[in-house]
Amino acid sequence: MSTRSERLTNEPVPDADSRRLHELGYAQELSRKMSWFSNFAVSFTIISILTGGITTYYLAMAAGGPRTATIGWLFVGLMSTFVGLAMAEVCSAYPTAGGLYYWAAKMAPRRPALASWFTGWFNLIGQVAVTASIDFGLATIVGFFLQLTVLPDFAAKPWQILVIYVLILLAHGLLNTLGVGLVAVLNDISVWWHLGFTAIIVGALFLVPTTTTPIGTAFTGYANTTGFGGGGLAGIWIAAVGLMLAQYTITGFDASAHMTEETHNAAVAGPRGIVTAIWVSVVAGFVLMVGLSVAVPFAPGSDGYAALAAQGILAGPAIIVDAVGGGFAKVLLLAVIVAQFFCGMASVTANSRMIYAFARDGAIPGSRLWHQINPRTRTPTNSIWFAVVGAAILGLPSLYTNQGYAVAFFALVSVAVVGLYVSYVIPVFLRRLNKGFVNGPWHLGRGSAVIGWLAVGWVVLILFPLLGPQFNPFPDGKFAVNSFNFAPLVMVAVIGFAGIYWLVSARHWFTGPRVQGSEAELAAIEHDLALPG
């Protein structure tokens, strides 16, 4: 029942989600329209097995072969599930759009502002880089599709790929600007699109080709075309690099946390969205990996196999086209392109919410601009375009190499995974040190400590192959720019910027997540946003 004062002012009674958000210090500025399924759909769409699984399939082909793509997928999927479970438990306690950097501030036993600052910046660069890698991979495959269909003489030069890339980013920005309702519907469609076409593609890869790899080879076949020797420590390194196919794909699931301020029953729906997105992706992605591995017409280690792996991003699409052939192959490739488009759109959505929340707490230059809410759509329009422009800038280095898409994609993939997973694990680590942590309604019970420490250990391990050389940068004794991993340079630049910014300025004024006001002030903010016009 409403109180007498509430009836007199004709103000709605805040629901449980809004009351919890008030307790965390924030007004309900965003429109809360999403169900748990829509929340799950955002993370599942960003994981997008038809994006990461196909565009980075070449990585497992080159570094370990089919067994790395299949058995390795299951192993990485299990470890990523531990990371997601540990994050989900914290998400339930703090269901806010800030997500990871907010969690870090609340759980750090000492210097919470510093923990929040670096968690936020790692998450920000990871979010922008994952958007860039998704849409850059999509642009490359769109170029391949154009050459395959209407433009047989299309050269797919670096500047042409960059133009396609920018156009895709603009489309994603415009769709997100139209409001979260449209985005939620498209993400719901995306779930069934991904699952349905994964089944169709795998069925076609098993049934149509006349020449296939024996099913056993898909689980035992080995190949190494990285330029490194295959024995001893080098062999371990090669396997670790190949596992990054799965690790890159199974990422971005923090989107469910960033969307909690727009989700009903957020303290349960957000964690449920994270975990469901991961396990569904692991199962469906494994089926896809088996299908792709069986459809390769060359034996692992053969010249034909090496030439196919050398096609990089286009190796996965080439397997589909060569195996299925004809107009049906083009239809399947178009379905993959649509799935990737959904993926990039959802990535911009999640990215913009993180930027909005980080700006709400004053952590980004020009925060007042990026925190503004469009009163018509109740979405952070300025933050949407911040995400789009940031991703566009990350694509510019592709113009300065002979095979720009290859070296740019290597760096973007690694930066995305490093930035995101480091930001994932900082609050998980701090959660283990925080003895006063109070569980939300969704928690891990007695398994919390074991799962949390496994998650921390796994993230530490994956940093090595992500930041180290994935392919031999000195194949003939001379430096080859197109096999060099530029991710460490990008990460040093970002960490350097965040560190200098902290030392010179932010440490004097950034105190972590801010409280927007008293209960009355929060209600006033919500009232003003609810006014027409």
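See the structure shown above.
What comes next is a walk through the structure.

Criteria and thresholds
- Residues numbered from 1 in each chain as written.
- Predicted model: local features only at pLDDT ≥ 70, side-chain atom pairs only at ≥ 80, totals over all residues.
- Heavy atoms only, no water.
- Helix = DSSP H or I, 4+ residues; strand = E, 2+ residues; numbered from the N terminus.
- Rg over C-alpha atoms; globule rule 2.2 N^0.38 Å.
- Buried < 20%, exposed > 50% of the residue type's maximum accessible area, 1.4 Å probe, protein only.
- Contact = heavy atoms within 4.5 Å.
- Areas by Shrake-Rupley, 256 points an atom, 1.4 Å probe, with all protein chains shown as cover.
- Core = buried A, V, L, I, M, F, W, Y, C linked by side-chain atoms within 4.5 Å.
- Expected span 1.5 Å × (residues − 1).
- Patch = residues over 30% accessible without salt bridge, like charges linked within 9 Å, V, L, I, M, F, W, Y side chains within 5 Å.
- Salt bridge = Lys/Arg side-chain N within 4 Å of Asp/Glu carboxyl O.
- Axes fitted to C-alpha atoms, helices over the stretch in contact; angles between N-to-C directions.
- Parallel < 35°, antiparallel > 145°, perpendicular 65-115°, else oblique.
- Left-handed = near helix turned anticlockwise from the far one by under 90°.
- Nonpolar A, V, L, I, M, F, W, Y, C, P; charged D, E, K, R; others polar.
- Phe/Tyr/Trp six-rings, centres within 6.5 Å; stacked < 30°, edge-to-face > 60°.
- Lys NZ or Arg CZ within 6 Å of the ring centre and 35° of its normal.
- Lys, Arg positive; Asp, Glu negative; His and termini not counted.
- Polar contact = N/O pair within 3.5 Å; in protein donor to acceptor, adjacent residues only side chain to side chain.

Looking now at the overall build of the chain. Summing up its helical and strand segments, the chain has 22 helices and zero strands in all. In terms of overall size, the chain behaves like a compact globule, its C-alpha atoms giving a radius of gyration of 23 Å where 533 residues would be expected to give roughly 24 Å. Taken along its principal axes, the extent of the C-alpha atoms in the chain is 80 × 45 × 45 Å. Burial analysis of the chain (533 residues in total) assigns 61% to the buried set. Across the chain, the fraction of contacts at a sequence separation of at least 24, relative to all contacts at a separation of at least 6, is 85%. As displayed, the chain has an accessible area near 20000 Å², and 68% of this comes from carbon and sulfur atoms.

Across soluble globular proteins, nonpolar side chains have a tendency to be buried as a group. Among the nonpolar cores identified, the biggest contains 163 residues, and Tyr57, Val83, Tyr94, Trp103, Trp117, Phe253 and Leu292 are the most heavily contacted of them. Contact partners of tyrosine 94, with chain neighbours within four places excluded, come to Arg20, Leu24, Tyr102, Trp103, Lys106, Met107 and Phe437. In this structure, Met34, Ala184, Ala346 and Ala350 belong to the second largest nonpolar core, which totals nine residues.

Here we take up unusual backbone geometry. A positive phi angle is found at serine 48, which is not glycine, with a value near 40°. A positive phi angle, near 55°, is found at asparagine 265, a position not held by glycine. Tracing the sequence through the fold places asparagine 265 in the loop between α12 (255-258) and α13 (266-295).

Given 3.6 residues per turn, any residue in an α-helix points the same way as the ones three and four places further on. Between its first and last C-alpha atoms helix α5 (residues 66-93) spans 41 Å; for 28 residues at 1.5 Å apiece the expected length is 40 Å, and the two agree. Burial of α5 is extensive: 23 of the 28 residues sit out of reach of the surface.

Along its 20 residues, helix α8 (residues 158-177) runs 29 Å from first to last C-alpha, staying within 8% of the 28 Å computed at 1.5 Å per residue. Every buried residue of α8 is listed here: Gln160, Ile161, Leu162, Ile164, Tyr165, Ile168, Leu169, His172, Gly173, Asn176 and Thr177. Looking at the buried side of α8, the elements it contacts are α7 (112-148), α9 (180-207), α16 (326-360) and α18 (381-395).

The subject of this paragraph is a nonpolar patch on the surface. Residues Ile71, Ile200, Phe206, Leu207, Val208, Ile215, Phe219, Phe328 and Val331 make up a contiguous nonpolar surface patch of roughly 810 Å² in combined accessible area. Here the nonpolar patch takes three residues from α9, the largest share from any one element. Accessibility expressed as a relative area gives 38% for phenylalanine 206, which makes it partly exposed.

Attention shifts here to the packing of helix α3 (residues 36-55) against α13. One way to put it is that α3 packs onto α13 with a least axis distance of 8 Å and a crossing angle of 25°. The orientation of α3 relative to α13 falls into the category roughly parallel. Considering only the axes of α3 and α13, their crossing is right-handed. Its residues placed into classes, the contact of α3 with α13 shows 15 nonpolar, eight polar and one charged.

A complete count under the given rule lists 28 aromatic pairs for this structure. Arranged with centres 6.2 Å apart and planes meeting at 80°, the rings of tryptophan 193 and phenylalanine 342 form a pair that is edge-to-face. Residue tryptophan 193 is located in helix α9, and its partner phenylalanine 342 is located in helix α16; the two are separated by 149 residues in the primary sequence. For tryptophan 193, a relative accessible area of 25% gives the class partly exposed. Taking NZ or CZ as reference, arginine 272 lies 3.6 Å from the ring centre of tryptophan 36, over its face.

Right, let's talk about the environment of leucine 21 for a bit. Along the polypeptide, leucine 21 turns up in helix α2 (residues 16-23). Ignoring any residue separated from it by four or fewer positions in sequence, one finds leucine 21 in contact with Tyr26, Ala27, Gln28, Arg32, Pro95, Thr96 and Glu261.

This paragraph deals with the side chain of aspartate 254. Mapped onto the elements of the fold, aspartate 254 is located in the loop between α11 (232-249) and α12. Buried and unpaired, aspartate 254 has arginine 353 as its nearest opposite-charge partner, separated by 12 Å. Within the structure, aspartate 254 has its side chain in polar contact with the side chain of asparagine 123 (distance 3.2 Å). Engagement of the side chain of aspartate 254 in a polar contact is seen with the side chain of glutamine 127, the distance being 2.7 Å. Beyond its immediate stretch of four places on either side in the chain, aspartate 254 contacts Met87, Leu100, Asn123, Gln127, Leu420 and Tyr424.

Within the fold, serine 133 resides in helix α7. Within the structure, the side chain of serine 133 is placed 3.0 Å from the side chain of tyrosine 248, a separation counted as a polar contact. Apart from the residues within four sequence positions on either side, serine 133 is in contact with Tyr248, Phe409, Leu412, Val413 and Ala416.

Throughout the structure, instances matching the rule amount to five salt bridges. Its salt-bridge partner being arginine 431, residue glutamate 89 comes within 3.5 Å of it at the nearest N-O pair. Here the residue glutamate 89 occupies a position in helix α5, and arginine 431 occupies one in helix α19 (residues 404-433), the gap between them amounting to 342 residues. Owing to a relative accessible area of 11%, arginine 431 belongs among the buried residues under this scheme.

This part takes up the environment of alanine 113. By the secondary structure assignment, alanine 113 is in helix α7. Between the C-alpha atom of alanine 113 and that of glycine 179, which follows or precedes it by 66 residues, the distance is 32 Å. With residues near it in sequence (within four places) discarded, alanine 113 still touches Trp502, Phe510, Thr511 and Gly512.

Let us look at the packing of α5 against helix α6 (residues 100-107). Packed helices, taken two at a time, are described by the angle between their axes plus the distance between the axes. Contact geometry of α5 with α6 gives a least axis separation of 10 Å together with a crossing angle of 75°. In terms of orientation, α5 lies roughly perpendicular with respect to α6. Counting all contacts with α5, which are made through Met87, Val90 and Cys91, the residues of α6 involved are Leu100, Trp103 and Met107. For the contact of α5 with α6, a count of residues per class yields six nonpolar, no polar and no charged.

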